[in-house]
Amino acid sequence: METVQHLKSSEITRNIGNALMKHIPLPNVNPDTVSALSLVVSVIFLLNGNCIYRIVVLGIVWFLDIIDGTIAQRYQWRKNDEEKHKGWVTDVTIDRLSEGVISVAYFMPLFPLFVLNTALTLWSYKHRRHIILPLRQCLFGYLIIKYIFFS
């Protein structure tokens, strides 16, 4: 089974993240558990409308999304291409669910972008190319700008 190809911009971002993550001690836990935890934290995002609260919670979701792949690579949880593909499917499915939960708080314009991202995920699965919109990262930036300039 062939592996998923990433876009050049995704590879650059991934390489920078991997270089930074080499120096952070991480537990040897199932990366799917970390992904599931990010989904739970996404639900917590909805519990409070305070901008700082949401920035912190979204930062935690983003960090968990980064470390699930790092843990999988560091501790070699996925031994072959089939296991790696299964891990990718699990990760992107939980990522889309997380985005769906978060889009409840910012229905417009986030929900239409979430639908587009879900379609891109399905296209990526079919064509083995990883093309997604970084919705949670964009929302994180939006909330920081909103807090700095409009609070």
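A quick note: this is a predicted structure, and the numbers were derived from the prediction, not measured.

A. Up close: unusual backbone geometry. Met108 connects to Pro109 through a cis peptide bond whose omega is 5°. Note on placement: Pro109 falls in helix 5 (residues 107–127). Despite not being glycine, Gln76 shows a phi value in the positive range, around 50°. On the secondary structure map, Gln76 appears in the loop between helix 3 (51–74) and helix 4 (81–103).

B. Representation of the packing of helix 3 against helix 4 within the structure. Put simply, helix 3 and helix 4 touch, their axes get as near as 11 Å, and they point 175° apart. The angle between helix 3 and helix 4 falls in the class roughly antiparallel. Each of Leu58, Val61, Asp65 and Asp68 in helix 3 lies in contact with helix 4, whose residues at this interface are Asp91, Asp95, Ser98 and Ile102. The residue makeup of the contact of helix 3 with helix 4, split by class, is 3 nonpolar, 1 polar and 4 charged.

C. Focus on the state of the cysteines. For the structure on display, the rule yields 0 disulfides. No disulfide involves Cys51; its sulfur sits 16 Å from that of Cys138, the nearest cysteine. A residue is classified by how much of its surface remains accessible, and Cys138, at 49% relative accessible area, is partly exposed.

D. Quick look at the pattern of salt bridges. For the structure on display, the rule yields 4 salt bridges. One salt bridge in this structure joins Asp65 and Arg136, with 3.1 Å as the shortest N-O distance. A residue pair is termed long-range when its members are at least 10 positions apart, and Asp65 in helix 3 and Arg136 in helix 6 (residues 135–150) qualify at 71 residues. Like Asp65, the residue Arg136 is buried in the burial classification. Among the salt bridges present, the one from Arg96 reaches Glu99, with a minimum N-O distance of 2.9 Å. Of this pair, Arg96 and Glu99 both sit in helix 4, 3 residues apart, roughly one helical turn. Here Arg96 and Glu99 have matching classes, each one buried. One salt-bridge network, in which partners are shared between bridges, spans Asp65, Asp95 and Arg136.

E. Summary view of the nonpolar core. Core analysis: the largest hydrophobic core is formed by 21 residues, its most contacted members being Phe45, Leu58, Ile67, Leu139 and Leu143. Those elements that place two or more of their residues in this core are helix 2 (31–45), helix 3, helix 5 and helix 6. A per-element tally of this core places helix 3 first, with 8 residues. Contact partners of Leu58, with chain neighbours within four places excluded, come to Phe45, Ile102, Arg136, Leu139, Phe140 and Leu143.

Rules used throughout
- Residues numbered from 1 in each chain as written.
- Predicted model: local features only at pLDDT ≥ 70, side-chain atom pairs only at ≥ 80, totals over all residues.
- Heavy atoms only, no water.
- Helix = DSSP H or I, 4+ residues; strand = E, 2+ residues; numbered from the N terminus.
- Axes fitted to C-alpha atoms, helices over the stretch in contact; angles between N-to-C directions.
- Parallel < 35°, antiparallel > 145°, perpendicular 65-115°, else oblique.
- Contact = heavy atoms within 4.5 Å.
- Nonpolar A, V, L, I, M, F, W, Y, C, P; charged D, E, K, R; others polar.
- Disulfide = S-S within 2.5 Å.
- Buried < 20%, exposed > 50% of the residue type's maximum accessible area, 1.4 Å probe, protein only.
- Salt bridge = Lys/Arg side-chain N within 4 Å of Asp/Glu carboxyl O.
- Core = buried A, V, L, I, M, F, W, Y, C linked by side-chain atoms within 4.5 Å.

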